[in-house]
Amino acid sequence: MTTTSDASPSPPVVEMVGVGRSFPGPPQVHAVRDVDLAIDRGEYLSIVGPSGSGKSTLLHLLGLLDRPTHGTYRLDGVDVSELSEAHRAELRGERIGFVFQAFHLLPHRSVLENVGLSMLYQRVPRRERVQRSRDALERVGLAHRVDFDPGTLSGGERQRVAIARALVGEPSLLLADEPTGNLDSDNVEAVLDLFDKLHTEGITVAVITHDDHVSARAGRRVRITDGTLSEAAV
Amino acid sequence: MKMRRRLTLRDLVDEALSGVAARPSRLALTTLGTVIGVAALVSTIGLGQTASGQISDRFDATSATRVVVEAGERDSPDGAVQATELPWDAADRVARLSGVASAGTFARVAVGGANVRGVPINDPSGSIDHDIPVTAVTEGLFDAVNGVLSTGRFFDSGHDERGNAVVVLGRYAAERLGINRVDAQPSIFIGDRPFTVVGILDTVSHRSELLDSAILPMGTAESLYGLQAPAAVEIRTELGAAQLIGSQAALAVAPNSPELLSVEVPPRPGSLRDDVSTDINALFLALGGLALLVGGLGIANITLLSVMERISEIGLRRSVGASSKHIAGQFIVESVVIGFLGGLIGAAAGVLATVGVSVVQDWTPLLDYRLAVLAPFLGAAIGLLAGTYPAWRASTIEPITALRTN
């Protein structure tokens, strides 16, 4: 595995070169410093670090939710640093599938609608949205829950709905932020098994966590400390 | 930058409707202000239209066709006329005018203190004497005041010319005299003079004093009691002709001194309706507008609250590709939907209120249907105005901030 790569016929999904993000002070905070990171297609990566290490900032940068103050970030070979906000929003919806610790499911909307939401802004025709949402729910083993209200589901099921929502748009990168933080141990295993399965199906997965047990399931681990990234032993 | 892929309008409306429908009790509270405002507006305009419609109806039906020419009466209240006497044929002169449906003269008759009684007995105690006023009219007057008989007939111009001793009793006069049928040709006595009762007058539209009195032909009153001149000419005009007849009647009756006659014409119906409408509308439109303002502020307030509550939803939508415009659009459409619903319910309530008040008042409800159609859109416009600021606030929320709230 390499941390950087150039000029390959199929560019890496993520390619960060010298990326930093500082917040204006006082005092000025360098949340992420000089990060070089490449994630190849089909890779299962975990980013570990204690809280305050710059983990969240890195996640926001990877997910196009924030812009680096310096350095270059290419997503699927496209330099996204200079794009307009509207274009970045579009890319985000198209290429990134988010999984959050807090699930962020809409209450009062069915499981199916929640999954379909991530295609809403991509102009996927309605009929196709329904079909693809059903397929994605089947993929995460929740075909029997399509018409349920998220409020009636268990935590593990909710997170699987969120994962289906992240998958349904066929993103280049599944970006999970402490996906097991709100789950009990049984559900943690179920979600991690699902990530393993998705990995074997060829999905590129990046999991950000402070939990070594969770990160140990990934094929590659990087550690972030004080905003600086380093490869870690698996 | 132009979005290559946009949210379709249908999707946007669907999302907004789901957002609105998710909190029904809050929806009810949010729409309340608009409901009250629009209802107040619709019902006040509706009631204004209804009321002025009733007023003009009444004038059109009766008063708007009534013209009265009078003389002398104000000079001496007891009925004796002096300088400005009406001629005996005043009614005929007026009837020649185009637009007059019928005309007749009227006078009160001084019978020299004689009492009216139903039986020819001289009763010193006076217990059978009645203090019934005596009036005199020409045949045409019955028609001019829309007279209706309960029994018998009116006297005619023949009785008038011959000075026959016949009488038509007003309804209340007949009751007091105990006369309720005329087929046996009952007589009454004015002083010692007998008169044959030919009919009983049941209703009139004007000059209701006729119902209390014994009514003689004008010629009879002249020959028996020395009546000097009629006191008034009652004219019923064709619809819409009252103003014209009013301007011509005095000249027709007294060509030499028209200025000495007083002519009473109904107010111009249009001006009356306008007066009523502007008074009502100015007041109630102000109230309705105030209610709408409050309603709009209510929507703005609650939409703003809703934005703050749904920060994580905003963050999620941004993370699945919604631009800040999409977010603003959704909240705008939500508040437009809320305003539209409020306008719809308010319009229905306003129409109901108009109809309800009309039923209680026995009015014919009048409402411009365009108002009912327009009201929901007025509500939507208020929603649009009210939603602009909260939607802008929602669009400026950073997705990072939004997703941090766990």
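Residues numbered from 1 in each chain as written. Chains lettered and ligands numbered in written order. Predicted model: local features only at pLDDT ≥ 70, side-chain atom pairs only at ≥ 80, totals over all residues. Heavy atoms only, no water.

An unreviewed UniProt entry lists chain A under the name ABC transporter ATP-binding protein, with Phytoactinopolyspora alkaliphila as the source organism.

(A) The packing of helix α5 (residues 155-167) of chain A against helix α6 (residues 185-200) of chain A, seen in detail. Residues and elements named next belong to chain A. The geometry of α5 relative to α6 is characterised by a closest axis approach of 9 Å and an angle of 20° between their N-to-C directions. As summarised for this structure, α5 and α6 are arranged roughly parallel, according to the angle between their axes. Between α5 and α6 the crossing geometry is right-handed. Counted together, G156, Q159, R160, I163 and L167 of α5 and N187, V191, L194, F195 and L198 of α6 form the full contact between these two elements. Looking at the contact of α5 with α6 residue by residue, the class counts come to 6 nonpolar, 3 polar and 1 charged. (Axes fitted to C-alpha atoms, helices over the stretch in contact; angles between N-to-C directions. Helix = DSSP H or I, 4+ residues; strand = E, 2+ residues; numbered from the N terminus. Parallel < 35°, antiparallel > 145°, perpendicular 65-115°, else oblique. Left-handed = near helix turned anticlockwise from the far one by under 90°. Contact = heavy atoms within 4.5 Å. Nonpolar A, V, L, I, M, F, W, Y, C, P; charged D, E, K, R; others polar.)

(B) Expanded view of the packing of helix α3 (residues 111-120) of chain A against α5(A). Residues and elements named next belong to chain A. For the pair α3 and α5, interaxial distance at closest approach is 7 Å and the crossing angle is 35°. Crossing hand, α3 versus α5: right-handed. Where α3 approaches α5, its residues V111, N114, V115 and S118 are matched on the opposing element by V161, A164 and R165. Of the residues in the contact of α3 with α5, the class split is 4 nonpolar, 2 polar and 1 charged.

(C) Main features of the interface of chain A and chain B. Chain A puts 29 residues into the contact, and the matching count from chain B is 30 residues. Buried surface at the junction of chain A and chain B, both sides included, amounts to about 3000 Å², of which 58% is carbon and sulfur. A per-residue breakdown of the area chain A buries against chain B is headed by H104(A), Y121(A) and R126(A), which together make up 25% of the total. The interface formed by chain A and chain B contains 4 salt bridges. For the salt bridge of R129(A) with D11(B), the shortest nitrogen-to-oxygen distance reads 2.8 Å. Counting across the interface, chain A meets chain B through 7 residue pairs in polar contact (both at pLDDT 80 or more). Where the side of chain A that touches chain B is concerned, the elements lending two or more residues are α2 (85-95), α3 and α4 (126-139) of chain A. (Buried area = accessible area lost by both parts, 1.4 Å probe. Salt bridge = Lys/Arg side-chain N within 4 Å of Asp/Glu carboxyl O. Polar contact = N/O pair within 3.5 Å; in protein donor to acceptor, adjacent residues only side chain to side chain.)

(D) Representation of the sheet that holds strand β10 (residues 228-232) of chain A in the model. Residues and elements named next belong to chain A. An order of β6-β7-β8-β3-β9-β10 is seen for the 6 strands of this open sheet, with the pairing classed as mixed. Only two strands of the sheet have a single partner each, and these edge strands are β6 (96-99) and β10. Pairs of neighbouring strands in the sheet enclose a mean axial angle of 20°, with direction left out of account. Summarising the sheet, strand β7 (residues 173-177) and strand β8 (residues 205-209) pair through 4 bridges and their orientation is parallel. Across the sheet, D177 pairs through a bridge with I208, a residue of β8. On top of the sheet, α2 reaches β6 and β7; it is set at about 75° to β6, its chief contact. Set on the sheet, α6 makes contact with β3 (44-48), β7 and β8; between it and β3 the angle comes to about 135°. (Pairing = 2+ DSSP bridges.)

(E) Focus on the packing of aromatic side chains. Residues and elements named next belong to chain B. Taken as a whole and assessed by the stated rule, the structure comprises 5 aromatic pairs over all chains. With a centroid separation of 5.5 Å and an interplanar angle of 75°, the aromatic rings of F340 and F377 are classed as edge-to-face. Of this pair, F340 sits in helix α11 (residues 324-361) while F377 sits in helix α12 (residues 369-395), placing them 37 residues apart in sequence. Here F340 falls in the partly exposed class, since its relative accessible area comes to 29%. The exposed category is assigned to F377, whose relative accessible area is 52%. These aromatic residues form a ring-pair network of at least three members: F142, F154 and F155. (Phe/Tyr/Trp six-rings, centres within 6.5 Å; stacked < 30°, edge-to-face > 60°. Buried < 20%, exposed > 50% of the residue type's maximum accessible area, 1.4 Å probe, protein only.)

(F) Layout of the confidence of the model for chain A. Across chain A, pLDDT averages 88, with 95% of residues at or above 70. Predicted confidence is poor over residues 1-8 of chain A, with pLDDT under 50, and the contacts of this stretch with residues over four places away or in other chains come to 13 contacts. (pLDDT = per-residue confidence, 0-100.)

(G) Region of interest: the pattern of salt bridges. Counted under the stated rule, the structure contains 40 salt bridges over all chains. Here E15(A) ties to R74(A) by a salt bridge, and the two come within 3.3 Å at their closest N and O atoms. Of this pair, E15(A) sits in strand β1 (residues 14-23) while R74(A) sits in strand β4 (residues 70-75), and the two are 59 residues apart along the sequence. Given the relative accessible area of 8%, E15(A) is considered buried. Classification of R74(A) as partly exposed rests on a relative accessible area of 25%. A salt bridge links R181(B) to D183(B), with the shortest nitrogen-to-oxygen separation between them at 2.7 Å.

(H) Layout of the environment of H60(A). For H60(A), the location among the structural elements is in helix α1 (residues 55-62). Placed 117 residues apart in sequence, H60(A) and D177(A) show a C-alpha to C-alpha distance of 9.8 Å. Once residues lying within four places of it in the same chain are set aside, the contact partners of H60(A) are L65(A), D66(A) and I400(B).

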